[in-house]
Amino acid sequence: MTIAFLFGSLILYIALNIPIAISLGLSALTTLIFASNVSYGMIVQQAATSLNSFPIMAIPFFMLAGILMSKAGISKRLLNLANALVGSFTGGLAQATILASMFFSAISGSGPATVAAIGSFMIPTMKDNNYDKGFAASITATAGSIGVIIPPSIPFVVYGITGEVSIGAMFLAGIIPGIIIGLMLMIFSYIISKKNNYSAVYKRVGIKGLIKAINDAKWALMIPIVVLGGIYGGIFTPTEAAVIAVVYAIFVGLFVYREMSLKDLYDGFAESCLVAGTTMVIIALAISFSYLMTVEQVPRTIANFITNFSENKLVILLLINVFLIFVGAFIDTISAIIVLTPMLLPVVTQVGVDPVHFGVILVANLAIGFVTPPVGVNLFVASNIGLVSIERIVRSIIPLFIALIISLILITYIPFLSTFLPEFFL
Amino acid sequence: SNGSDNSAANRGQEEFELGITYVVAETQSTHLAAEVFKEKVEERTDGRVSIELYPAGSLYASEFDASEAVQLGNIEMTITATSPLAGFIDEFMVIDLPYLFSDAESAYEALDGDLGDQLLGLLPPLGLKGLSFGETGFRQITNNRGPIESPDDLSGLRIRTMETPAHIRPFQEWGANPSPLAFGELYTALQQGTYDAMEAPVSLIYSSRLHEVQDYLTVSNHFYTATIMLINDDLFNEMPADIQEIIQEEALAFKDLQRELASEQEAEWFEAIQEDGIQVNELSDDQRNVFQEIGLTLYDEFEDEIGRDLIDLAIEISEN
Amino acid sequence: MNLLKLLDERAEQVLAVFAMIVMVILVFIQVIFRYVINASLSWSEELARYAHIWMVWLSASYAVRKSAHIKVEMVKNIFNMKTQKVINVIALLLWFAFALFFAWQGLSMVLSVMERGQRAAATRIPMWIVYIALPLGGFLMSFRLVQRLYFLFNSAKAAEEVETK
Ligand code: NA
Ligand code: NA
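Since the model is a prediction, treat every value here as computed from it, not as a measurement.

### Examining the overall build of chain C
Check the secondary structure of chain C and you find six helices and zero strands. Computed over its C-alpha atoms, the radius of gyration of chain C comes to 20 Å, more than 25% above the 15 Å expected for a compact globule of 165 residues. Taking the principal axes of the C-alpha coordinates as reference, chain C spans close to 65 × 40 × 35 Å. Expressed as a percentage of the 165 residues in chain C, the buried residues total 48%. For chain C, restricting intrachain contacts to residue pairs at least 6 apart in sequence, the fraction spanning at least 24 positions comes to 72%. For chain C, the accessible area works out to roughly 8100 Å², and carbon and sulfur atoms hold 71% of it. If you average the places of the 17 positive and of the 10 negative side-chain charges in chain C, the two averages end up 2 Å apart.

Quick look at the structure:
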């Protein structure tokens, strides 16, 4: 009964176009009024204490860093480098979009932010060069998913906190799977480009041109070294690393490239408050929802249900993947992680799945959710900045979606891809 | 959790549903004893009280938040270390003072006697009722540099402490570089060397596998950590006298069982972490005195907040 | 008039940006102290966390003004314009009710914490100063929702809204 209220009202509120954060809070409140004796004060207390956490502050800081890097001129140089590297291949612009998204992923923790940073330049460029606009937007949207797999990654931070898994280990675990997704997308877009005769736009730049592009991008290329090197070198925690990235971006923008004015800096902070605020409010209110689930023993029930069905690790992982793809189509990543981690993590650890490996599976699934309708944030962003209708994008996304699914299967059934780097370095 | 009001009306009896939240894992003495508490209370009240346990921080990951939730009436009960209560009541810091208790026996005597009574008496105005004191036990220092034999060996070590002045100040005086850190980040921070050292009871070191990322353990017994079973005061006062009595009695039984289990577990786990390869040294009486002398100078510093009477009372009990 | 316009556009933004700047500075000097001065600060992290709570709940209201909260438009878009408007009004009213509930419960938490004199562990700041960000956020949000409701029925304002977005 309580569960029906909780999930039923959530679906209703989301359908009514109420923000996801508020829908989560409202459904918790509805349940408290009609079907639970937990006190009303719980919602507000959780909304304060869930934010009163140092590790979780990595999220606003990484968002701020990403925004300031665009304003500092860093993403522009990464694009130039990507074009110099792969722009002369068949479908070079698509290849460069994927590669630039991978580069940008290494400095941004967010999928939609990656789409915005790369797509705002690449979608118009592809359209100008006679690429199908649906394909242009869909390649940008799918490549943006890599943003949350290659570290830093906001969903990994949320998973690490919810599942009590080291955030540092999660970041390392994402590197190889992120590269695999990138390569897979490159292979598929090569085939599509060949079929549609998307020839190269850029001439080969030669070794000299390449060195120049690398040199121009060196301040950008240093960021992953500073951030990840700092975390694994024991110099700072993930949250502190994010702040170092912020200070670095300000320094490069103001003093090295000198492309950022003080007004840009203020605007960057204001923009990040908006993006971080809306994300963190989802977290703050999703916790109340998750609290009621725990009180109602939902995680235990689901766990029993799954293990009664099968105790085979491979079967359970398959079931969970199908379930997560379905969930990812409807729910945003952050609230999905908060709600699902306590439900699924005990089940998979019981059959011997490494919590770090499971984190990568979970986030990879939800990253695919970024590009599946009806709720796919990357689709919305690509549609907005590329001026392409969602329907048009969805039609061209199918082959790329298959590329993502193949990557997901590899990530799920070859644990080594996720666990090798954390085990090697930690 | 719904519909209980109906069945209560049918039988003409008041029913109470109590949720107990705590951060320790299901392997720990606190959980094992809480299971017995639940069983006994439900049995003796004939089902008029039902209890749900929420171990491992599944409802509240922080003890401070859990205590606040009990105070605000968002959850009925918690079992928490007493240290976070210093945020509500300064006097509770007394338990955390360095080298306050010479051994477990004197800690039990103080907390089950006058000192404990005085502290419990401070809780009701804050909306809390304290039922009994359990323990996490004496805390030890672990690090990656070498055995700690004198304050010099602590010099410059980045050590993770709990977020209470009563823990931070002594380590500053002993020459270390204490800094609080979220517990969830501790393992990685030690592994990667962001922190060099930590201090915790053996049970916590073992259950969080922290000995895997630390090379040396010093038996310093520098702080004692007590736990307390808290219930929302208004709720407790609403209960019929017979239920109150049962809960109070079983809370005292909980305390005895938990302490017994805790000391068994501690001995067992102390062996286990040594077998896993952590190198152990024990402070000799002379070495211990050096730390203690410095620690005692801080008692005056906390006098304003804690009150001289309470400090003297604790010392007096411990010395007898 | 101009002051009112400035307040309307900037009030939460300026405060939230200030809180974000405080967060960045505190965490940065925490790292600097640890490595350059070789002394750890015990209060910087705590203070940064409190600034974070403020930043988020001020931004929650700022995001109402900027229509930035993440929503699902899919279902609503099935209907004709008139029905969509009805859905919008219902959504705003439910949201408004939640914001008021949040302000009310937040205030009662603040009063309870204030009465009991709760203080932070490291900085010893009274906790009500931290928690007052919640009822303030709820109150500001409900004000912004009334404003949105007004825009919904005032097409001139609504057009202006679309332009500024
Ligand atoms: Na990333
Ligand atoms: Na989706």
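### Brief notes about the overall build of chain B
A count of helical and extended segments in chain B gives 14 helices and 11 strands. Computed over its C-alpha atoms, the radius of gyration of chain B comes to 20 Å, within 12% of the 20 Å expected for a compact globule of 320 residues. Taken along the three principal axes of its C-alpha coordinates, chain B extends 70 × 40 × 30 Å. Put simply, 74% of the contacts in chain B that link residues at least 6 apart link residues at least 24 apart. When the accessible surface of chain B is summed, it comes to about 12100 Å², and 43% of that surface belongs to carbon and sulfur atoms.

### A few points about the pattern of salt bridges
For the structure on display, the rule yields 30 salt bridges over all chains. Across the pair arginine 44 of chain B and glutamate 249 of chain B runs a salt bridge whose closest N-O atoms are separated by 2.8 Å. Here glutamate 249 of chain B lies in helix α11 (residues 241-275) and arginine 44 of chain B lies in helix α2 (residues 29-44), a separation of 205 residues in the sequence. You can call arginine 44 of chain B partly exposed: its relative accessible area is 36%. Look at the salt bridges and you will find they share partners, linking Asp90 and Glu305 of chain B together with Arg119 and Arg124 of chain C into a network.

### Details of the interface of chain A and chain B
On the side of chain B, 23 residues touch chain A, which itself brings 28 residues to the contact. The contact between chain A and chain B buries some 2100 Å² in all, and 45% of this surface belongs to carbon and sulfur atoms. The largest contributions to the chain A side of the interface with chain B come from Gln45, Tyr291 and Leu426 of chain A, which together make up 24% of the buried area. Scanning the region where chain A abuts chain B turns up zero salt bridges. At the boundary of chain A and chain B, one finds 11 residue pairs in polar contact (both at pLDDT 80 or more). Of all the elements in the fold, those that place two or more residues in the side of chain A that touches chain B are α2 (20-35), α3 (41-49), α12 (218-232) and α14 (262-295) of chain A. With five residues, the single largest contributor to the side of chain A that touches chain B is α3 of chain A. Taken together, the residues of the side of chain A that touches chain B sort by class into 14 nonpolar, 13 polar and one charged.

### Some remarks on the nonpolar core
Counting residues in each nonpolar core, the largest one holds 254 residues, and the members touching the most others are Leu285 of chain A, Val94 and Leu115 of chain B together with Trp57 of chain C. In contact with tryptophan 57 of chain C, not counting residues within four places along its chain, are Ala47, Leu51, Val281, Ala284 and Leu285 of chain A together with Phe102, Ala133, Leu134, Gly137 and Met141 of chain C.

### Focus: the packing of helix α17 (residues 333-350) of chain A against helix α18 (residues 355-369) of chain A
All names here are of chain A. Where α17 meets α18, the closest approach of the two axes is 10 Å, and the angle between their N-to-C directions is 140°. Taken together, the axes of α17 and α18 are oblique relative to one another. Considering only the axes of α17 and α18, their crossing is right-handed. Contact with α17, carried on its side by Thr333, Ala336, Ile337, Thr341, Leu344, Leu345, Val348 and Thr349, involves Pro355, Phe358, Leu362, Val363 and Leu366 of α18 and no other residues of that element.

### What to know about the sheet that holds strand β6 (residues 158-161) of chain B
Residue and element names in this part refer to chain B. Spatially, the six strands line up as an open sheet ordered β7-β6-β8-β5-β9-β11, and their pairing is mixed. Both outer strands of the open sheet, β7 (177-180) and β11 (279-282), are each paired with one neighbouring strand and no more. Neighbour to neighbour, the strand axes of the sheet diverge by 25° on average, direction disregarded. Sheet analysis places strand β5 (residues 140-143) next to strand β8 (residues 197-200), joined by four bridges and oriented antiparallel. If you follow isoleucine 141 over to β8, its bridge partner there is glutamate 199.

### Details of the interface of chain C and chain A
Contacts between the two partners involve 53 residues from chain C and, on the opposite side, 53 residues from chain A. Together, the buried faces of chain C and chain A total about 4900 Å²; carbon and sulfur atoms form 80% of this surface. Taken as a group, Ile70, Val72 and Phe98 of chain C account for 14% of the area that chain C buries against chain A, more than any other trio of residues on that side. Here chain C and chain A share one salt bridge between them. Among the salt bridges present, the one from arginine 34 of chain C reaches glutamate 240 of chain A, with a minimum N-O distance of 2.7 Å. Listing elements by their share of the side of chain C that touches chain A, those giving two or more residues are α1 (2-35), α2 (44-65), α3 (81-115) and α5 (133-152) of chain C. It is α1 of chain C that provides the largest number of residues to the side of chain C that touches chain A, a total of 15 residues. Partitioned by chemical class, the residues of the side of chain C that touches chain A number 37 nonpolar, eight polar and eight charged.

### So, the coordination of the sodium ion (ligand 1)
Residues and elements named next belong to chain A. Around the sodium ion (ligand 1), the protein supplies Ser105 (O), Ser108 (O), Gly147 (O), Ile150 (O) and Pro152 (O) as donor atoms, at distances of 2.2 to 2.3 Å. As a motif over one chain, the donors of the sodium ion (ligand 1) read S-x2-S-x38-G-x2-I-x1-P. Note that serine 105 is positioned in helix α6 (residues 92-105) and proline 152 in the loop between α8 (133-144) and α9 (154-163), a separation of 47 residues in sequence. You can call serine 105 buried: its relative accessible area is 0%.

### With respect to a nonpolar patch on the surface
Residue and element names in this part refer to chain A. Side chains of Leu314, Leu318, Val322, Ile409, Tyr413, Ile414, Phe416, Phe420, Phe424 and Phe425 sit close together on the surface and give an oily, nonpolar patch of about 1000 Å² of accessible area. Secondary-structure elements contributing two or more residues to the nonpolar patch are α16 (313-330), α20 (390-413) and α21 (416-425). Ranked by residues supplied to the nonpolar patch, first place goes to α21 with four residues. With respect to the helices, strands and loops of the structure, valine 322 is situated in helix α16. Look at valine 322 and you get exposed, because its relative accessible area is 54%.

### Quick word on the side chain of glutamate 135 of chain B
All names here are of chain B. Take glutamate 135: it is sitting in strand β4 (residues 128-138). With no salt bridge to any partner, buried glutamate 135 finds its closest opposite charge in arginine 259, at an N-O distance of 5.2 Å. Polar contacts involving the side chain of glutamate 135 include one to the side chain of tyrosine 108, which spans 3.0 Å. If we skip the residues at most four places from it in the chain, glutamate 135 touches Tyr108, Tyr224, Thr225, Ala226, Thr227, Gln258, Arg259 and Ala262.

### A closer look at the environment of threonine 83 of chain C
Residues and elements named next belong to chain C. Looking at the secondary structure, you find threonine 83 in helix α3. Each C-alpha atom, one on threonine 83 and one on arginine 124, is 53 Å from the other, the two residues being 41 residues apart in sequence. At a separation of 2.6 Å, a polar atom in the side chain of threonine 83 contacts the side chain of asparagine 80.

Calculation criteria
Residues numbered from 1 in each chain as written. Chains lettered and ligands numbered in written order. Predicted model: local features only at pLDDT ≥ 70, side-chain atom pairs only at ≥ 80, totals over all residues. Heavy atoms only, no water. Helix = DSSP H or I, 4+ residues; strand = E, 2+ residues; numbered from the N terminus. Rg over C-alpha atoms; globule rule 2.2 N^0.38 Å. Buried < 20%, exposed > 50% of the residue type's maximum accessible area, 1.4 Å probe, protein only. Contact = heavy atoms within 4.5 Å. Areas by Shrake-Rupley, 256 points an atom, 1.4 Å probe, with all protein chains shown as cover. Lys, Arg positive; Asp, Glu negative; His and termini not counted. Charge placed at Lys NZ, Arg CZ, Asp CG, Glu CD. Salt bridge = Lys/Arg side-chain N within 4 Å of Asp/Glu carboxyl O. Buried area = accessible area lost by both parts, 1.4 Å probe. Polar contact = N/O pair within 3.5 Å; in protein donor to acceptor, adjacent residues only side chain to side chain. Nonpolar A, V, L, I, M, F, W, Y, C, P; charged D, E, K, R; others polar. Core = buried A, V, L, I, M, F, W, Y, C linked by side-chain atoms within 4.5 Å. Axes fitted to C-alpha atoms, helices over the stretch in contact; angles between N-to-C directions. Parallel < 35°, antiparallel > 145°, perpendicular 65-115°, else oblique. Left-handed = near helix turned anticlockwise from the far one by under 90°. Pairing = 2+ DSSP bridges. Donors = N, O, S within 2.8 Å, 3.2 Å for Na, K, Ca; no water. Patch = residues over 30% accessible without salt bridge, like charges linked within 9 Å, V, L, I, M, F, W, Y side chains within 5 Å.

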